[in-house]
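Report on the structure
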Amino acid sequence: MNTYYRGLFAEWLSRMYLRMHGFRIIHSRYITGRNTGRAEIDIIARRKTLLVFIEVKNHKTINSAWSAITDKQIKRLRRSGETYISRTRWHGDARFDVIIVNGWHIHWIKNAI
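None of the values given here were measured: they were computed from a predicted structure. (Residues numbered from 1 in each chain as written. Predicted model: local features only at pLDDT ≥ 70, side-chain atom pairs only at ≥ 80, totals over all residues. Heavy atoms only, no water.)

Here we look at the overall build of the chain
So the rule is basically this: Labels follow the DSSP assignment, with helices taken as runs of H or I lasting at least four residues and strands as runs of E lasting at least two, numbered in each case from the N terminus. Taken over C-alpha atoms, the radius of gyration is set against a globule rule of 2.2 Å times the number of residues to the power 0.38. Here the term buried applies to any residue with accessible area under 20% of the maximum for its type, exposed to any over 50%, and partly exposed to those in between, with areas from a 1.4 Å probe on protein chains only. The contact rule is simple, with two residues in contact once any of their heavy atoms fall within 4.5 Å.
Along the chain, the regular secondary structure elements total three helices and five strands. Secondary structure elements of the chain occur, N-terminal to C-terminal, as α-β-β-β-α-α-β-β. Radius of gyration (C-alpha) of the chain: 13 Å, near the 13 Å computed for a compact globule of 113 residues. Structurally, the chain occupies a C-alpha span of about 40 × 30 × 20 Å along its principal axes. Residues classed as buried in the chain amount to 39% of the 113 residues present. When contacts within the chain are restricted to residue pairs at least 6 apart in sequence, those whose partners lie at least 24 apart make up 57%.

Describing helix 1 (residues 3-20)
Operational definition: The span expected for a helix works out to 1.5 Å for each residue beyond the first. Pairing of N or O atoms within 3.5 Å defines a polar contact, subject to two protein rules: one partner must be a possible hydrogen donor and the other a possible acceptor, and residues neighboring in sequence count only if both atoms are side-chain atoms.
Taking 1.5 Å per residue as the helical rise, helix 1 with its 18 residues ought to reach 26 Å, and the 26 Å between its terminal C-alpha atoms agrees with that figure. Every buried residue of helix 1 is listed here: A10, E11, L13, S14, R15 and L18. Looking at the buried side of helix 1, the elements it contacts are strand 1 (24-31), strand 2 (40-47), strand 3 (50-58), strand 4 (93-102) and strand 5 (105-109). Of the residues that open helix 1, the one with a side-chain oxygen 3.1 Å from the backbone nitrogen of Y4 is N2.

Concerning the pattern of salt bridges
We apply this condition: Counted as salt bridges are all cases of a side-chain nitrogen of Lys or Arg within 4 Å of a carboxyl oxygen of Asp or Glu.
Inspection of the entire model under this criterion finds four salt bridges. As a salt-bridge pair, R29 and E11 come within 3.3 Å of each other at their nearest N and O atoms. Placement of R29 in strand 1 and of E11 in helix 1 is noted, with a sequence separation of 18 residues between them. Residue E40 pairs with R29 through a salt bridge whose shortest N-O separation is 3.9 Å. With E40 in strand 2 and R29 in strand 1, the pair connects residues that are eleven residues apart, well separated along the chain. Of the residues examined, E40 reaches a relative accessible area of 29% and is grouped as partly exposed.

Observations concerning the environment of R76
Mapped onto the elements, R76 comes out in helix 3 (residues 71-88). Each C-alpha atom of the pair R76 and V98 lies 15 Å from the other, and the pair is 22 residues apart in sequence.

Structural notes on the confidence of the model for the chain
We apply this condition: The predictor rates its confidence in each residue with pLDDT, a number between 0 and 100.
Predicted confidence across the chain gives a mean pLDDT of 90, with 94% of residues reaching 70 or more. Within the chain, the element-level pLDDT minimum falls on helix 2 (residues 62-67), averaging 86, and the maximum on strand 3, averaging 95.

Examining the nonpolar core
Convention followed: Throughout, nonpolar core names a set of buried Ala, Val, Leu, Ile, Met, Phe, Trp, Tyr and Cys residues whose side chains join them through atoms within 4.5 Å.
One finds I41, I44, L51, F53 and Y84 to be the most contacted residues of the largest nonpolar core, which totals 15 residues. For this core, the secondary-structure elements that each account for two or more residues are strand 2, strand 3, helix 3 and strand 4. The greatest single-element share of this core, amounting to three residues, is contributed by strand 4. Counting residues in each nonpolar core, the second largest holds 14 residues, with L13, L18, I43 and I99 among its members.

Points about the environment of S80
Among the structural elements, S80 can be located in helix 3. By relative accessible area, which is 0% here, S80 ends up buried. Along the primary structure S80 and E40 are separated by 40 residues, whereas in three dimensions their C-alpha atoms are 7.5 Å apart.

Shown next, in the form of structure tokens:
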């Protein structure tokens, strides 16, 4: 299985995991706009008044997954989340999480970004 398909699998596994924890998946692979300098948000999920933007990383180790998240990517993800919130006029709480998948193991880091 190549990197692209491993990434799709990690996102699918993450969505199932979030559903098991009471979240409703709002969007997968959400892009705020082409050529806007914004990033793709892997998963946007909601539980009651909490909106969560999730970056999914599929790596062999947790450390390599963390090093794959650059400062530039964090800024772009935050801008994308802010754009989504303003477009949808969201008035609840929001946060940015990271889910790291290695094999079948899931590490969910809340308020990570």
